[in-house]
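Below are the chains, spelled out letter by letter.
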Amino acid sequence: MGIGEHQVLLLPEYATQPLSLASTASTPSQLPSALTDDLDIPHLRLILTTLLPASIALLLLVVDLLARIPPSAIPASLRHAAHVITRPFRNFFTLEDLIAEEEGSGPILCPLGRAPWKARALAVGAIAESVAWLGVLAYKEEVGGDWEDRVRAAVAFLAWSYAFTRVVAKPPLTMPYLLIIFYLAAAVAALYDLWTDIVYEQPSWRFIALDAVQLLVPVLLIRLAGTYPLDAIWPSPNVARPGQASTNLISSRSQCRLTGPVQPPSSAYTMPEDSATLWSWWTFSFVEPLFKVSNARTLNDEDVWSLSPFFKHKNIFVKYLAYVRQHPTHSLLHYLLVSNSLDLILDVLLETWSATVGFVPPYALQRILTALADPSPDAKNTAYMFAVVTFFAHLSFAQVDINKLWFTRRCYERTRGQLFCALHYKALKRRDIGAQTAKKDGEEDGDGHADLGKIVNLMQWVASFHGGDAYSVAYRFWRFSGFFLAPVRLIIAMVFLYRVLGWSAFAAVAIVLVVYILNYPLAKYDVYTWKARDKRMNAVNELWQNIRFLKFYGWEYRWSDRVRQARETELQWQVKANIVDVFINFIWNWMPSATALSTFVCYTVFAGERLTVAKAFTAIALFSYLQGPMTEIPDQVFALLQAFVSMQRIERFLAEPEVPDWASSLKRKADPSAQSNAAEIGFENATFEWDIAPTDAPSRFTLGPLDIRFPSGRLSLVSGPTGLEHATIRDNIIFGAGFGYDDARYRSVVDACALARDFEIFPAGDMTEIGEKGITLSGGQRARIALARALYSPAKCILLDDPLAAVDLHTAQHIVKKALSGDLARDRTVILVTHHITLCLPIAAYLVELSAGSVLRQGATSELHERGELVRIVQAEDTMEQSTTDSSSDTQVENEADLSGATQPVEVKPAETSGKLIDEEARAEGRVSFRTYITYIRAAGIISWILTLALMILIRFINVGFQFFLARWGEAYEHHESVLSALAFRIQGVLDSLPPPDVNVVPWLMIYLYISIAGAFSVLAYISLGYYASLQASRSLFLAMLQRLSRAPARFFDVTPIGRILNRFTSDINTVDHALQSSGRAALSGTLNFVVSFSVIITVVPAFAPFALFIAWLYIRLAPSYVQASRDLRRLESVSLSPAFAGFDELLRGLPHVRAFGMEERYQDRFYKRVDKFQAFDHVYWLIAGWLNWRYDCLSIPDPSILG
């Protein structure tokens, strides 16, 4: 880097100029005053070129000194205070909270920071700057330069010297944040020098080149420092690193080694954000490898990265459980606030930047328009400067938005995941009281204990604000900052408006108050559709859970009508909510026009001021800006109230009664004595009855009192459903046993339960899927598989509900001989409920006879035989005829037991086919078919869409005409044409006949009123039509799907999981209800906005056409990659929801069996994995959405070259 002071020897007067490495040709007073007057900031040059870099360097030094103080030297009270103060600013989830899924999968050292050449390059750049500024300082001392120049050179020399020393003494391993901030301050100072040289003076190109070099060095240092990794430790060794070589774990060193070819995205790797650098983080470029796959073919499950360990639901929920144990009195809401405090604080800070700096563009617009109307020579430079200020302001908004998106999404995803897991965990421990029908006094429908429909709505899997309660609460965390920053935006806008229009701005305050008064009764008439939605979901669940039986009786259409009626009730409530929303939206949409009109009337009529172009367009921009916070304040308040209602529903569910500790493995304490084989099994003065029937009911059933002791190590069985799950036969038998698959034990169980013959019949043997609830099996097969599950388990006490009733005699004899009295039953207490007393009596040690809920006889079989009571029991209870029993040994009936080969070892043949009963859910590939669009357009009504398009075009023409009318109004004061007059459509015939506004402003105000009213009623019609079309589509598509599924054959429900059907009737229908219409309108509106804006700009400023075409090409170039990837990700997410639905449904209906086998933790772990899977697709979807938004935001930033 060269120094331009050798040219001062020829022109010694440069020694008195403001200092940069390249001197300029103006006097000291000219540069500071010109730019300072434009920005209204005193001492701007001193602040930017001296104080800012010096402050950052001093901060760097202080931080390094504090880091050298040992913690032991700090008083304990001070350390505690610092810990408490900084707690909300620290990550709640740390590396210590991560659970290693397998050995060697824990956190590892990041290898990417070990790049010595980077540290050397940073040191070379710093020492070069230090030497250059030392030369400048020496020269200024020699020639007697200005004191500010000497101070700046000295400060720059010291600051760059320390930056060099710091890099050499402690080479960075992660991103050096403070160094980057210092480099940025140096770049700002250099940019200031370059700008003042170019705009306010015209020096030689050599000086400009040296200024550019002065700017280039810190920029290059920033670029290099930004390539360091953000974190020194990775959460796992399989973190994806886009653009890097594959990662292999070196277990002995616990770090990574770079080998092999570049790896494409894969579910074997976790999210690449954990390995991101500053630049890939700021631009989300780490997701770009996914586009290479999506552009080449359809994305599949294995093509999408897995969730980061910091997002995995098991890690999140285990931390929640630990927090609850540590703070049992804290509420769930308190935990959500504590665990997401850092994200919420960052959300508020980033939104504060947008709220405050967001007023820079309107202010810059006013200064630009004022400058364009000023014929003075310096006005053009002012316009250029504020165009650049606007450029950097919008660039900062793009950067703030993408970072805020990630932090708020992390807060949202963690909150939603914590609620999901808490609801599922509660379901595992909750008492089954869903059949309760009696209501307490004053209790309304939907209150009290949750039924299945309400539980599904609590945890509804639809990614929108109109989803279930968990989504409603989590969405408030996503939009947390809006509630706090909306008043700030409102106040700043009003202050700014006062500076533009004076006291007339208070007319806007009056309009705002009127709007709030009109809005209050509408908002107070809030319509909640939760209860109607709960009833609809409960009816849907009842229909599809029992559809096979309903079809057997021909009742499916009658029950479909019940669902249809519940849906109509829900839509009636939705209509009421839509009517309220239409009026509220109309009021808020017309509010900017009403405030502008009232303010302009006060400003022009009462104050007698001239409404210039600069003031008019600045005021309109502020009025439009006011619409956001004014609408957001009531929206945030009522959204918080809705979230509060949702939180109450969740907390009521979490507070419902739970089973006793002994009944749930999640609640049982680790007590070795409880697992002792000598533990007694029985009842002591026990009475059982349902707690859901009224106490005065005449038919109230009571079982007991019971006073029974079952002998240890013998047989016992208890009544209940079989509870098979959708899986293979082998998985149903093993059922998560602690010792896994034991081939010898498995074969013994299969033989004892006479299942070998069945396996030969099944197409894939024991790997055949049996469908939900074992629907594809016979009653005897279900009973024997359930018995096999019990025998295979390591349980010492087995409770069975007469598995002999569903099988023939020979099979029953086989089961009694091999299962109930063989090796598998040795030393196990078995309690059997059965009527086959004669068959089981030879092996029974104890017998209990019940009648009408009471014990008639009980005792050891030997004692009952001696008393002569055993014969009477057999005669009264036994179901087998004596003749059948007598001839059973000679019967030659072919049955499963005979063919199982009792004397030969059982051969479990490998499956020759897949054995899958239920195929993977199909998903569309490629573009959305034209038929899909036509289906929705027809459902909503073709006429509705034609009118929607016509209203969109009308609204845009009104907006364009409104802008040009304001321009002509302002020009009428100035008596000259501005650039906007190029597209006035030559409407002089109308406007030229109006009196000048200086003489009579009323006609201009009336035209403004007519335009605003036309626009308001057009918007009203547009909103109303949208709600109507959405309602029609919702009703039509729901009924069509209901009718088609009701008429489907029974076989369809054998091969289609109920969870998949429920997914269609919940998440997909809710998307149709609340999101599809608005999404379609947004796409159409965006296209029209682009076409109209493009056409207007080209017409007004034809010189901008090449730039506009280039920007349009970039827009179109970026879109396809995003569209293809996002489409596949949304489809994958939708498909992945069905297993989660099915699993949750299986859990709710099979809880007794899950608890009986102590499988709660297994089901909870399975839930974690299923939610992790669908969350991974949703997470990546929002990453690529941020990728596109940042690039589109950058493309939409105003280019200063437009003004040229």
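Residues numbered from 1 in each chain as written. Predicted model: local features only at pLDDT ≥ 70, side-chain atom pairs only at ≥ 80, totals over all residues. Heavy atoms only, no water.

### Quick word on the overall build of the protein chain
Assigned secondary structure in the protein chain consists of 42 helices and 10 strands. When the 1204 residues of the protein chain are sorted by exposure, 49% land in the buried category. Residue pairs in contact within the protein chain that sit at least 24 positions apart in sequence constitute 81% of those at least 6 positions apart. Of the roughly 57,000 Å² that the protein chain leaves accessible, carbon and sulfur atoms contribute 62%. (Helix = DSSP H or I, 4+ residues; strand = E, 2+ residues; numbered from the N terminus. Buried < 20%, exposed > 50% of the residue type's maximum accessible area, 1.4 Å probe, protein only. Contact = heavy atoms within 4.5 Å. Areas by Shrake-Rupley, 256 points an atom, 1.4 Å probe, with all protein chains shown as cover.)

### A closer look at the UniProt feature "transmembrane region" (unreviewed entry) in the protein chain
Here, UniProt's "transmembrane region" (unreviewed entry) annotation points to residues 46–67, 176–195, 207–226, 477–497, 503–523, 936–958, 1007–1029 and 1088–1116. Secondary structure across residues 207–226 comprises 95% helix and 0% strand; the distance between its end C-alpha atoms is 29 Å. (UniProt positions renumbered as here; feature names shortened; annotations may be inferred.)

### Overview of the side chain of S1136
Looking at the secondary structure, you find S1136 in helix α40 (residues 1105–1149). Among the polar contacts listed, one links the side chain of S1136 to the backbone oxygen of E1133, at a separation of 2.8 Å. Once residues lying within four places of it in the same chain are set aside, the contact partners of S1136 are K1173, F1174 and F1177. (Polar contact = N/O pair within 3.5 Å; in protein donor to acceptor, adjacent residues only side chain to side chain.)

### A closer look at the pattern of salt bridges
Per the stated rule, a full pass over the model turns up 35 salt bridges. A salt bridge links R297 to D303; its shortest N-O distance comes to 2.7 Å. Assessed through its relative accessible area of 5%, D303 is described here as buried. Residues R1130 and D1178 are paired through a salt bridge, measuring 3.1 Å at the closest nitrogen-oxygen approach. Linking R1130 in helix α40 with D1178 in helix α42 (residues 1160–1195), this pair joins segments that are 48 residues apart in sequence. According to the relative accessible area criterion, R1130 is partly exposed, its value standing at 27%. (Salt bridge = Lys/Arg side-chain N within 4 Å of Asp/Glu carboxyl O.)

### So, helix α39 (residues 1076–1100)
Note: α-helices contain 3.6 residues per turn, so residues at a spacing of three or four share the same orientation. Here α39 spans 36 Å end to end across 25 residues, near enough to the 36 Å set by a 1.5 Å rise per residue. Q1077, R1081, S1085, L1088 and V1100 are the residues of α39 that are buried. (Expected span 1.5 Å × (residues − 1).)

### Quick notes on the pairing of strand β10 (residues 854–860)
The side chains of a regular strand alternate, residue by residue, between the two faces of the sheet. Pairing geometry for strand β9 (residues 846–851) and β10, over six bridges, is antiparallel. When the bridges of β10 are listed, E849 appears paired with R857. (Pairing = 2+ DSSP bridges.)

### A few points about the packing of aromatic side chains
Under the counting rule described, the total for this entry stands at 46 aromatic pairs. For the pair Y412 and Y471, a centre-to-centre distance of 6.4 Å together with 45 degrees between the ring planes defines the contact as tilted. You can see Y412 sitting in helix α14 (residues 379–429) and its partner Y471 sitting in helix α16 (residues 469–478), a full 59 residues away along the chain. Here Y412 falls in the buried class, since its relative accessible area comes to 3%. Plain terms: the ring middles of Y1181 and W1182 are 5.5 Å apart, the flat faces sit at 85 degrees to each other, and that makes the pair edge-to-face. Y1181 sits in the buried class, given a relative accessible area of 15%. Stacked on the ring of F1038, the Lys or Arg R567 has its end atom at 4.7 Å from the ring centre. Positioned above the aromatic ring of Y792 is the side chain of R745, whose terminal nitrogen or guanidinium carbon lies 5.9 Å from the ring centre. (Phe/Tyr/Trp six-rings, centres within 6.5 Å; stacked < 30°, edge-to-face > 60°. Lys NZ or Arg CZ within 6 Å of the ring centre and 35° of its normal.)

### Here we look at the environment of W353
You can see W353 is positioned in helix α12 (residues 341–357). C-alpha of W353 to C-alpha of F397: the two residues are 44 residues apart in sequence and 8.3 Å apart in space. Setting aside its immediate chain neighbours within four residues, W353 contacts G358, S396, F397 and V400. In this structure the side chain of W353 is engaged in a polar contact, spanning 3.1 Å, whose partner is the side chain of S396.

### Looking at the confidence of the model for the protein chain
When the pLDDT values of the protein chain are averaged, the result is 78; 80% of them are 70 or greater. Counted against residues more than four places away or in other chains, residues 717–722, with its pLDDT under 50, gives 24 contacts. pLDDT under 50 marks residues 1199–1204. Its contacts with residues more than four places away, or in other chains, come to 10 contacts. (pLDDT = per-residue confidence, 0-100.)

### Description of the nonpolar core
Core analysis: the biggest nonpolar cluster contains 71 residues, and W160, Y183, L1129 and I1184 have the highest contact counts within it. When residues of this core are assigned to their parent elements, the largest contribution, 11 residues, is made by α42. W160 has contacts with A126, E129, S130, W133, F182, Y183, A186, P218 and L221, leaving out every residue within four places of it along the chain. Counting residues in hydrophobic clusters, the runner-up holds 45 residues, among them V515, L626, W969 and L1005. (Core = buried A, V, L, I, M, F, W, Y, C linked by side-chain atoms within 4.5 Å.)

### Quick look at the packing of α14 against α16
Contact geometry of α14 with α16 gives a least axis separation of 8 Å together with a crossing angle of 155 degrees. Taken together, the axes of α14 and α16 are roughly antiparallel relative to one another. Every pair of crossing elements has a handedness; the one defined by α14 and α16 is right-handed. Mapping the contact onto sequence places L405, T408, R409, C411, Y412, T415, R416, L419 and F420 in α14 and A470, Y471, V473, A474, Y475, F477 and W478 in α16. Broken down by class, the residue content of the contact of α14 with α16 amounts to 12 nonpolar, two polar and two charged. (Axes fitted to C-alpha atoms, helices over the stretch in contact; angles between N-to-C directions. Parallel < 35°, antiparallel > 145°, perpendicular 65-115°, else oblique. Left-handed = near helix turned anticlockwise from the far one by under 90°. Nonpolar A, V, L, I, M, F, W, Y, C, P; charged D, E, K, R; others polar.)

### Comments concerning the environment of R567
Along the chain, the position of R567 falls in helix α21 (residues 556–606). Assessed through its relative accessible area of 1%, R567 is described here as buried. Along the sequence, R567 and A539 sit 28 residues apart, while their C-alpha atoms lie 9.2 Å from each other. In contact with R567, not counting residues within four places along its chain, are R536, S1034, F1038, I1069 and D1073.

### Focus on the packing of helix α36 (residues 1002–1046) against helix α38 (residues 1058–1074)
Interhelical geometry of α36 versus α38 gives an angle of 165 degrees and a closest axis separation of 9 Å. The orientation of α36 with respect to α38, classified from their angle, is roughly antiparallel. Crossing of α36 over α38 shows right-handed handedness. Between α36, through S1030, A1033, S1034, L1037, F1038, M1041, L1042 and L1045, and α38, the contact on the second element is made entirely by I1061, R1064, F1065, I1069, V1072 and D1073. Split by residue class, the contact of α36 with α38 holds 10 nonpolar, two polar and two charged.

### As for unusual backbone geometry
Even without being a glycine, F284 presents a positive backbone phi close to 55 degrees. In this fold, F284 is placed in the loop between α8 (278–283) and α9 (288–296). By relative accessible area, F284 is classed as buried at 1%. One non-glycine residue, D827, lies in positive phi territory at about 60 degrees. Looking at where D827 falls in the secondary structure, it is placed in the loop between α27 (809–818) and β8 (829–833).

### Here we look at the environment of C602
Tracing the chain through its elements places C602 in helix α21. Residue classification places C602 among the buried residues on the basis of a relative accessible area of 16%. Apart from residues no more than four positions distant in its own chain, C602 is found in contact with W503, S504, A507 and A607.

### Let's talk about a nonpolar patch on the surface
A contiguous nonpolar surface patch, about 520 Å² in accessible area, is contributed by L58, L61, V62, L65, L66 and I69. Position of L66 among the secondary structure elements: in helix α2 (residues 44–67). In this structure L66 comes out as exposed when scored by relative accessible area, which is 55%. (Patch = residues over 30% accessible without salt bridge, like charges linked within 9 Å, V, L, I, M, F, W, Y side chains within 5 Å.)

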